[in-house]
Structures are given as C-alpha cells and as structure tokens.
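Architecture at a glance
Now for the letters of each chain:
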Amino acid sequence: MSTGKLAEIKAKLAQGTAALTPGEVAWLVKRVEELESKNEWLRKELSYAEHQGEVGF
C-alpha cells in the first residue's frame with residue numbers, strides 16, 4: 001500500500017504542494033519519521049557489528 005500511496009503523493013507534488021491534502025502530508029511525515037527511526041537502528045547495529053568485542057578507553 002505504501003508504494004501506491006507514495007506514487008500518488010509524488011504525482012501531486014509534481015503539480016505543487018497546494019495539491020496535497022493535510023492527510024497526505026501527515027502520512028508522508030509519519031512515513032519519513034518511521035524510515036528515519038529504522039535508519040538510526042540500522043546505523044547502530046552496523047556500528048556494533050564493526051566494533052564487536054572492542055573496548056574503548
């Protein structure tokens with residue numbers, strides 16, 4: 001569903017921001033926040049994997 005919704009929002013953005021409804025903006029902001037959260041988690045996991053077993057002084 002998010003791919004279809006995103007494609008719809010992208011098409012409206014191409015026409016200008018006035019074409020977006022407040023609900024679409026809210027959905028887009030929520031989705032970006034979710035992706036940022038996942039990105040931060042992945043960054044921490046990769047950092048841990050790269051430095052596993054190291055002790056900082």
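Figured I'd write up the structure that's included with this text. Because the structure is predicted, anything quoted here is derived from the model rather than measured.

Basis of the calculations
Residues numbered from 1 in each chain as written. Predicted model: local features only at pLDDT ≥ 70, side-chain atom pairs only at ≥ 80, totals over all residues. Heavy atoms only, no water. Helix = DSSP H or I, 4+ residues; strand = E, 2+ residues; numbered from the N terminus. Buried < 20%, exposed > 50% of the residue type's maximum accessible area, 1.4 Å probe, protein only. Salt bridge = Lys/Arg side-chain N within 4 Å of Asp/Glu carboxyl O. Polar contact = N/O pair within 3.5 Å; in protein donor to acceptor, adjacent residues only side chain to side chain. Contact = heavy atoms within 4.5 Å. Axes fitted to C-alpha atoms, helices over the stretch in contact; angles between N-to-C directions. Parallel < 35°, antiparallel > 145°, perpendicular 65-115°, else oblique. Left-handed = near helix turned anticlockwise from the far one by under 90°. Nonpolar A, V, L, I, M, F, W, Y, C, P; charged D, E, K, R; others polar. Expected span 1.5 Å × (residues − 1).

Along its length, the protein carries two helices and zero strands. Among the 57 residues that make up the protein, the fraction classed as buried is 5%.

Applying the stated criterion across every chain, the model contains three salt bridges. Across the pair Lys12 and Glu24 runs a salt bridge, and its minimum N-O distance is 2.8 Å. With Lys12 in helix H1 (residues 2-15) and Glu24 in helix H2 (residues 22-50), this pair connects stretches of sequence that are twelve residues apart. For Lys12, a relative accessible area of 22% translates into the label partly exposed. Note on Glu24: relative accessible area 4%, which makes it buried.

Further remarks concern the side chain of Glu24. Here Lys12 takes part through its side chain, which lies 2.8 Å from a polar atom of the side chain of Glu24. What Glu24 contacts, discounting residues up to four positions off in sequence, is Lys5, Glu8, Ile9, Lys12 and Ala19.

Relative orientation of the contacting elements H1 and H2 amounts to 120 degrees, with a least axis distance of 11 Å. The angle between the axes of H1 and H2 places the two elements in the oblique class. Two packed elements cross with a definite hand, and for H1 against H2 that hand is left-handed. Residue-level inspection shows Ser2, Lys5, Leu6, Glu8, Ile9 and Lys12 of H1 in contact with H2, the latter providing Glu24, Trp27, Leu28 and Arg31. Partitioned by chemical class, the residues of the contact of H1 with H2 number four nonpolar, one polar and five charged.

Attention now goes to H1. Over its 14 residues, H1 runs 20 Å from end to end, which matches the ideal 20 Å to within 8%, given 1.5 Å per residue. At the exit of H1 stands Gly16, carrying a positive phi of roughly 125 degrees.

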